[in-house]
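Here are the chains, one letter per residue:
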Amino acid sequence: MDPDLMADPFGGYGRLREQAPVVHGRYLDGTPAWFVTRHDDVRALLHDRRLVNTPASVPGATDDDPRLKMMDMLAIPEELRPYLMGSMLDTDPPEHTRLRKRVLREFTARRVMGMRPRIEEIAGRLLDALPRHTADGAADLLAHYAYPLSIQVICNLVGVPEADSDKWQQWGEDLIAMRPERLATSFPAMIEHTHRLIGERRADLGDDLLSGLIRGQDSSEGGISDVELVTFVVTLVLAGHETTAHLISNGTAALLSHPGQLAQLRSDPEIMPGAVHELMRWCGPVQTGRLRYAAEDMEVAGTRIPRGDAVLLVFVSANFDPRRYTDPDRLDLRRHPVGQAENHLGFGHGIHYCLGASLARLEAEIAFGSLFDRYPDLRLALEPAELERRERMRLPGQWRLTRLPV
Ligand code: HEM
């Protein structure tokens, strides 16, 4: 949140990588934390079991959990805290393994890939309607394409009524903005709504992901509670739309401001999967991992990190590390040859690797393809440098535009 770093994050991260690749600073809520900025260190730490996601997993931990401080700050009532603290990202093995396995049984590659026709249909419908949303000759692609596309897709996949998508979008925004006065009503409303939805679905099971999770819950293996089920739904819907919307809008802005690259993509659509890897590297929406904690004393790049200290892995810095990428500042859609696995850290890595990465990539591929097929002469309505970023987001480390006028 340092204003100088925010004004020039890439220059700032570059200086940190060179001069202080592990540096002590403060997280947004004041928690002291070590910031790690080099690619190899970030990647290695994502696989290092000595780093844990819950302070309680640190041997000899006190009850002083910074997440509770955050809950106090946000005025989240006691009885609703388990819904925020029990998400996969907030747990460590064996708890994490149990939850992730359970959801992966439903969140299958087949189910995700089976979404293609539905995603194409939603994208087509939104693009047809786009001219209706032009004000002053410009349409806002973030509000009228990227957001509705990603929220409707995730609602479809999970089995949440599409008619509720506006509500979910608002709840997501309230959570991200972290404004206690908004959360006081919207958080309990979201939890209550989800409990009701699960009750209704239990009485009328279908073949959606939610029905699958409920069936699993009722089967002999069981193993997930109602609170966990609600947390799954909330996590999937919220984690699944906001980030993807910003990948689509950041990626579109990047393509429109690099006409040579866009021309290559249009003339050779085969490169699309690699192009999406590169757009994730170059302008992925998530800047850092969640806070992690050293479960024992560690040494990283010559710096000692004492047991119990918090660690923040700076993914965007890792993605621009010249030790890893030649000419990292250059957007190069052919950097990741067809068939090559992604090599950026925008979806994280290791046991907490983004559960929805394949869905997000599929949505982005379809979103870019459909958009430029339908509107081949699309242009930004302002200079790239004039695009406004959400700089003072309360949630740290997110990399988002406020709107994308085209
Ligand atoms: C985890 C980014 C889309 C669900 C993560 C992590 C990152 C990330 C960086 C790991 C964080 C860490 O280790 O600290 C993104 C980006 C997306 C995206 C950039 C879009 C462009 C999605 C979608 C879904 C999803 C579509 C769901 C359908 C999750 C879940 C986790 C996660 C459940 C936690 C996994 C675990 O702890 O095991 N995501 N994500 N994400 N993501 Fe995503």
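What you see is a predicted model, and the numbers here were worked out from it, not measured in a lab. (Residues numbered from 1 in each chain as written. Predicted model: local features only at pLDDT ≥ 70, side-chain atom pairs only at ≥ 80, totals over all residues.)

Visitor: Explain the overall build of the protein to me, using residue names and the numbers behind them.
Guide: Along the protein, the regular secondary structure elements total 17 helices and seven strands. Since a compact globule built from 406 residues should have a radius of gyration of about 22 Å, the 21 Å found for the protein is in line with a globular shape. Within the protein, buried positions represent 40% of all 406 residues. (Helix = DSSP H or I, 4+ residues; strand = E, 2+ residues; numbered from the N terminus. Rg over C-alpha atoms; globule rule 2.2 N^0.38 Å. Buried ≥ 20, exposed ≤ 12 C-beta atoms within 10 Å, placed from the backbone.)

Visitor: Explain the sheet that holds strand 4 (residues 292–294) to me, using residue names and the numbers behind them.
Guide: Pairing in this open sheet of five strands is mixed, and the strands run 1-2-7-4-3 from one edge to the other. With one partner strand each, in any of the chains shown, strand 1 (22–26) and strand 3 (51–52) form the two edges of the open sheet. Bridge count between strand 4 and strand 7 (residues 310–313): two bridges; the pairing is antiparallel. Along strand 7, the bridge assignment pairs Arg 292 with Val 311. (Pairing = 2+ DSSP bridges.)

Visitor: Describe the site of the ligand, listing the residues and the values that go with them.
Guide: Surveying the vicinity of the ligand reveals 25 residues, the closest of which are Gly 240, Gly 289, Gly 348, Cys 354 and Gly 356. Elements with a minimum of two residues in the shell around the ligand: helix 13 (226–256) and helix 17 (357–374). Ranked by the residues each element gives to the shell around the ligand, the list is headed by helix 13, at seven residues. Class assignment of the residues belonging to the shell around the ligand gives a composition of 13 nonpolar, 10 polar and two charged. (Near = placed C-beta within 6 Å. Nonpolar A, V, L, I, M, F, W, Y, C, P; charged D, E, K, R; others polar.)

Visitor: Requested: an account of helix 11 (residues 180–202), with residues and values cited.
Guide: Between its first and last C-alpha atoms helix 11 spans 32 Å; for 23 residues at 1.5 Å apiece the expected length is 33 Å, and the two agree. At Ser 186, helix 11 is bent by approximately 25 degrees, the largest bend along its length, and proline Pro 188 sits one to four residues beyond. Restricting attention to buried positions, one finds in helix 11 the residues Phe 187, Met 190, Ile 191 and Thr 194. (Expected span 1.5 Å × (residues − 1). Bend = angle between axes of the 7 residues up to and from the residue.)

Visitor: Describe in detail the packing of helix 9 (residues 141–158) against helix 17, supporting the description with residues and values.
Guide: The N-to-C vectors of helix 9 and helix 17 enclose an angle of 135 degrees; their axes lie 11 Å apart at closest approach. Judged on the interaxial angle alone, helix 17 and helix 9 are oblique. In this structure, helix 9 crosses over helix 17, and the sense of that crossing is right-handed. Where helix 9 abuts helix 17, its residues Ala 146, Leu 149, Ser 150, Val 153 and Leu 157 lie against Leu 359, Glu 363 and Ala 367. By residue class, the composition of the contact of helix 9 with helix 17 is six nonpolar, one polar and one charged. (Axes fitted to C-alpha atoms, helices over the stretch in contact; angles between N-to-C directions. Parallel < 35°, antiparallel > 145°, perpendicular 65-115°, else oblique. Left-handed = near helix turned anticlockwise from the far one by under 90°. Contact = placed C-beta atoms within 7 Å.)

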